[in-house]
Amino acid sequence: MTLPPSPEAALDDLLREDRRFPPPTAFRDGARVSDEAIYREAEADPEAFWARWAGELHWFTPWTEVLEWEAPRARWFSGGELNVAYNCLDRHLDGPRRNQAALIWEGEPGDTRTYTYWDLHRETSKFANALKGLGVGKGDRVAIYLPMVPEAAIAMLACARIGAIHSVVFGGFSPESLADRINDAEAKVLITADGGYRRGNVVPLKRNADQALERCSSIEHVVVVARGWNIARTTQTTLKPGRDLWYHDLVAEASADCPAEPMESEETLFILYTSGTTGKPKGVVHSTGGYLTQVYATTRLVFDLRDDDVYWCTADVGWITGHSYIVYGPLANGAAVVMYEGAPDFPDRGRFWEICEKYGVTIFYTAPTAIRAFMKWGEEWVGKSDLSRLRLLGTVGEPINPEAWIWYHRVIGGERCPIVDTWWQTETGAIMITPLPGVTETRPGSATRAFPGISATILSETGEEVPAGYLAITRPWPSMLRTIWGDDTRFRETYWSKWDGIYFPGDGAKREEDGYFWVLGRVDDVLNVAGHRIGTMEVESALVDHPAVAEAAVVGKSHDVKGQAIAAFVTLKEGRQPSDELAYTLKGHVAEKIGSIARPEDIIFSADLPKTRSGKIMRRLLRDIAEGKALGDTTTLADPDVVRRLKERYEEGA
Ligand code: 7RM
C-alpha cells in the first residue's frame with residue numbers, strides 16, 4: 001500500500017499521540033447517549049437499530065423490508081413511501097417548533113434573515129410550485145449553482161418536495177465544470193444567482209452560468225435569485241427572454257400550497273458530483289429513505305442535538321457536508337441552523353467568532369484546514385468574542401493533526417467541549433466513524449469508532465484484517481451511494497471490486513489495540529486540498545489543455561494550512577520555453593478550467609517526466625521531490641537520470 005503524504009499528521013506523530021479525553025462529566029450527565037450499551041445493541045441487530053431510527057421519521061406508507069442486499073445493490077426500507085421535505089418541514093408544524101428558527105442566515109456584508117419552520121415551509125412550497133410551473137416533475141434533474149443564501153436550502157427542499165433530483169454545483173466551480181455537471185445529469189432547470197459575496201467581492205454566478213450554458217442543450221429555464229439589486233447592477237445581470245426568470249417574480253405568483261410527493265424509499269433524492277481517479281467527476285446518487293434515516297440519526301447522536309441548541313456547520317451547501325449537515329440532518333431534527341455566506345476573514349479574522357457570539361452558537365462543525373488557518377491568525381481574534389455558549393465541536397473533511405485538535409479544544413472549546421472528529425465521504429452520505437460525545441473517550445487525530453450500526457475494519461489488498469492498511473466498510477449502511485449516475489460499471493469497479501461485497505472507500509488507516517481508527521488519507525490519485533477533493537487527473541487534463549503543455553503529472557505536497565497543496569510537473573511542447581510568466585499563466589489556466597480550489601501551488605517545468613519502462617509516470621518519485629524528501633528506489637525507471645535532474649531543478653527553484 002502506498003500511504004499518502006498525510007498533512008502534518010505524519011504517521012510518526014500519530015503513533016506517539018497518547019493523550020486521552022474522556023467525555024466531561026457535565027456533558028455526559030446531560031447527553032442523549034451516555035452508555036456504551038448502544039454499540040452492543042446496534043451490533044446485535046443492526047437492521048433493527050436502523051429500523052428504529054427510520055421509525056422516528058414520517059412515512060406515508062410503511063416499509064415492508066428493512067434491507068435487501070445483493071452486493072453492491074442495497075434496498076433500504078423497501079415498499080415504504082416518504083418525502084424528505086415533509087420530514088424536514090411539515091412534521092415540525094404541529095408542535096411548538098412551528099414559529100421557531102429553522103434557518104438563521106447572515107450574509108457576508110452583514111445583512112441577516114431568519115426563517116422559522118413555518119416560513120421555510122411556505123417558501124419551499126411556493127418555490128416547489130414555481131418549479132412545477134416550469135415543467136419540472138418527479139425524476140427531473142435540477143442544477144443548483146448558488147452562493148450560501150437561504151434560497152440554496154429552499155431550492156433543495158423544493159426539489160425534494162416534488163420528487164425532482166437536485167444536483168448542487170459548488171459556486172466556486174468554473175463555467176466549464178458547471179457545464180460538465182449539467183450535461184452529465186441532463187438537467188432541465190438551472191437555479192443560480194446574480195452573484196454572491198466573497199471577501200467583499202462579487203462572484204458573478206449568472207455570468208458564469210451563461211458561459212456554461214453555451215455548451216448545454218438540456219436546460220430549458222434558468223431561475224435567477226437576486227442576491228441584491230446592488231449586485232445585479234455590478235454584475236450587469238441580464239435575463240435571456242423566454243429562458244431566464246427572476247426567482248422573486250416566480251414565487252410572488254406561486255401558491256403556498258404544495259402537497260409533498262410521496263417517494264418510494266429507494267427513489268433518488270439527489271446527485272452530487274465528486275472527484276475520482278479519472279478526469280471525469282462521478283455523479284454520486286443518493287436515495288430517499290435510507291439517506292434521511294442515517295443523516296437524521298447521526299445528526300441527533302453525534303452532535304447530541306437538543307431543542308435549545310444553535311447549530312452551525314461552516315461547510316458550503318455545494319459539498320456533501322452542506323447537504324447532510326446544514327440542510328437535511330439538522331432540519332429533519334428541527335434544529336436552529338446558522339448559515340453564513342462569506343469568508344472567515346472578512347471584514348476581519350474574527351468574523352466566525354462574532355457570529356458564534358451574536359447567535360449564541362452551541363454546536364460548531366468545521367474542517368481541520370480552517371482550524372489550522374485560525375491557529376495561524378492567532379488567538380487574539382478568538383479572544384474578542386464570547387464563546388461560552390459553545391458546548392460541542394466537530395471536524396470533518398480530512399485528518400486533523402493533533403496540534404490543531406489540541407488548539408481547537410483549548411482555544412475554541414475552552415477545554416470544556418468534546419470534539420467529534422467525523423470520518424465519512426460524499427459516497428457514504430452520512431457520518432460513519434466518529435465519537436459519540438457523551439460516551440467515547442477521544443484521542444487527538446483519531447475519528448475513534450464506527451457509529452453504532454456501522455461495520456468498519458482495516459484490510460490488506462487481499463482482504464485480511466490488518467493493523468494498518470485500507471479502510472473497509474463490511475456491511476451495507478442506509479445512506480450508502482446507490483450508483484454513479486449513468487455509469488453503474490464505474491460504481492462497481494471503483495468501490496466494490498477490491499474485495500467481495502465489501503466497500504472500499506479509498507482511504508488508508510491504522511488501528512491500535514483499543515480499536516480506534518486513525519484515517520490517514522487517500523490511497524488513490526485523489527488529493528485533499530483544504531478539505532476539498534480534487535482528482536490529480538482533472539488537474540492534469542486542465543494543464544494539457546493549454547497550448548504550451550505537452551504532458552503533466554500532478555501530485556500532492558504537504559501544506560501547513562491546506563493539508564495538501566497541488567504540485568504540477570509539466571513538460572512543454574517543442575519550441576516553448578519555461579518562464580515564471582508561463583508558470584503563472586498555467587496556474588491561472590487550471591483555476592479557470594476547474595475553479596480556484598484547483599489552482600496549483602507549484603509548477604515545475606521538466607524536459608522529461610520519470611517513467612517506468614512501460615511508460616507509467618512514477619508519481620511516488622514526484623511526491624518525494626515535491627516533499628523535498630530523499631529519492632526512493634529509482635531502479636525501475638527507464639531513465640533514472642530524469643528524476644535526478646528534476647530534483648536538482650526543484651531544489652534550485654524552491
Ligand atoms: C465529508 C467529506 C471524503 C474524504 C475521505 C477522507 C477525507 C473526511 C475525514 C477524512 C480523515 C476525517 N466528504 N476525510 N473526513 N479523513 N479524518 N474525519 O469530506 O467526499 O469530500 O471527502 O475526505 O480521505 O475519503 S468528501
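Residues numbered from 1 in each chain as written. Predicted model: local features only at pLDDT ≥ 70, side-chain atom pairs only at ≥ 80, totals over all residues. Heavy atoms only, no water.

Draft legend 1. Examining unusual backbone geometry more closely. The step from A71 to P72 runs through a cis peptide bond, and the omega angle for that step is 0 degrees. Tracing the backbone through its elements, the reader meets P72 in the loop between strand 2 (65-70) and strand 3 (73-78). Residues F346 and P347 are joined by a peptide bond in cis, for which omega reads -5 degrees. In this structure, P347 sits in the loop between strand 18 (336-340) and helix 14 (351-359). Not every positive phi belongs to a glycine, and R199 is a case in point at roughly 50 degrees. For R199, a relative accessible area of 42% translates into the label partly exposed. (Helix = DSSP H or I, 4+ residues; strand = E, 2+ residues; numbered from the N terminus. Buried < 20%, exposed > 50% of the residue type's maximum accessible area, 1.4 Å probe, protein only.)

Draft legend 2. Quick look at the packing of aromatic side chains. Inspection of the entire model under this criterion finds 42 aromatic pairs. Ring centres 4.7 Å apart and planes at 65 degrees place the aromatic pair F303 and Y365 in the edge-to-face group. With a gap of 62 residues between them, F303 in the loop between helix 12 (289-302) and strand 17 (310-313) and Y365 in strand 19 (residues 363-366) connect regions that are remote in the sequence. Y365 carries the same exposure label as F303, and that label is buried. An angle of 85 degrees between the planes, with centres 5.6 Å apart, marks the rings of Y470 and F504 as edge-to-face. (Phe/Tyr/Trp six-rings, centres within 6.5 Å; stacked < 30°, edge-to-face > 60°.)

Draft legend 3. Representation of the environment of Y291. Here Y291 lies in helix 12. Judged by its relative accessible area of 0%, Y291 is buried. Taking the C-alpha atoms as reference points, Y291 and H221, separated by 70 residues in sequence, lie 29 Å from one another. Once you skip the residues sitting within four places of it in the chain, Y291 turns out to touch L269, F270, H286, H323, S324, Y328, G429, P478 and S479. Reaching out from Y291, the side chain makes a polar contact with the side chain of S324 at a distance of 2.7 Å. (Contact = heavy atoms within 4.5 Å. Polar contact = N/O pair within 3.5 Å; in protein donor to acceptor, adjacent residues only side chain to side chain.)

Draft legend 4. Fine view of the sheet that holds strand 9 (residues 189-193). Read across the sheet, 8 strands follow the order 13-12-9-7-8-15-16-24 without closing on themselves; strand pairing throughout is mixed. Two strands close off the open sheet at either side, each with one partner strand: strand 13 (244-246) and strand 24 (483-484). As judged from the 6 bridges shared by strand 15 (residues 268-274) and strand 16 (residues 282-287), these two strands associate in the antiparallel manner. Within the sheet, the bridge partner assigned to T268 lies in strand 16 and is S287. (Pairing = 2+ DSSP bridges.)

Draft legend 5. Highlighting the site of the ligand. Around the ligand, the structure places 17 residues, and the nearest of them are D421, T422, T426, D507 and R522. Within the side chain of D421, one N or O atom sits 2.7 Å away from a nitrogen atom of the ligand. At 2.6 Å from an oxygen atom of the ligand is found a side-chain nitrogen or oxygen belonging to T426. Put simply, the parts of the chain that give the shell around the ligand at least two residues each are helix 13 (320-332), strand 21 (419-422) and strand 26 (517-522). Class assignment of the residues belonging to the shell around the ligand gives a composition of 6 nonpolar, 6 polar and 5 charged. (Near = heavy atom within 4 Å. Nonpolar A, V, L, I, M, F, W, Y, C, P; charged D, E, K, R; others polar.)

Draft legend 6. Looking closely at the pattern of salt bridges. Here the structure, examined in full by the defined rule, presents 52 salt bridges. The salt bridge involving R619 is made with E540; its shortest N-O contact spans 3.0 Å. Of the two residues, R619 sits in helix 21 (residues 619-626) while E540 sits in helix 19 (residues 536-544), which places them 79 residues apart along the sequence. Note on accessibility: R619 and E540 belong to one class, buried. For R644, the salt bridge is made with D641, and the minimal N-O distance between the two is 3.0 Å. Of this pair, R644 and D641 both sit in helix 22 (residues 640-653), separated by 3 residues, roughly a single helical turn. When its relative accessible area of 39% is taken as the criterion, R644 is described as partly exposed. Residues joined by salt bridges that share partners form a network here, namely R20, E441, R443, K510, E512 and D514. (Salt bridge = Lys/Arg side-chain N within 4 Å of Asp/Glu carboxyl O.)

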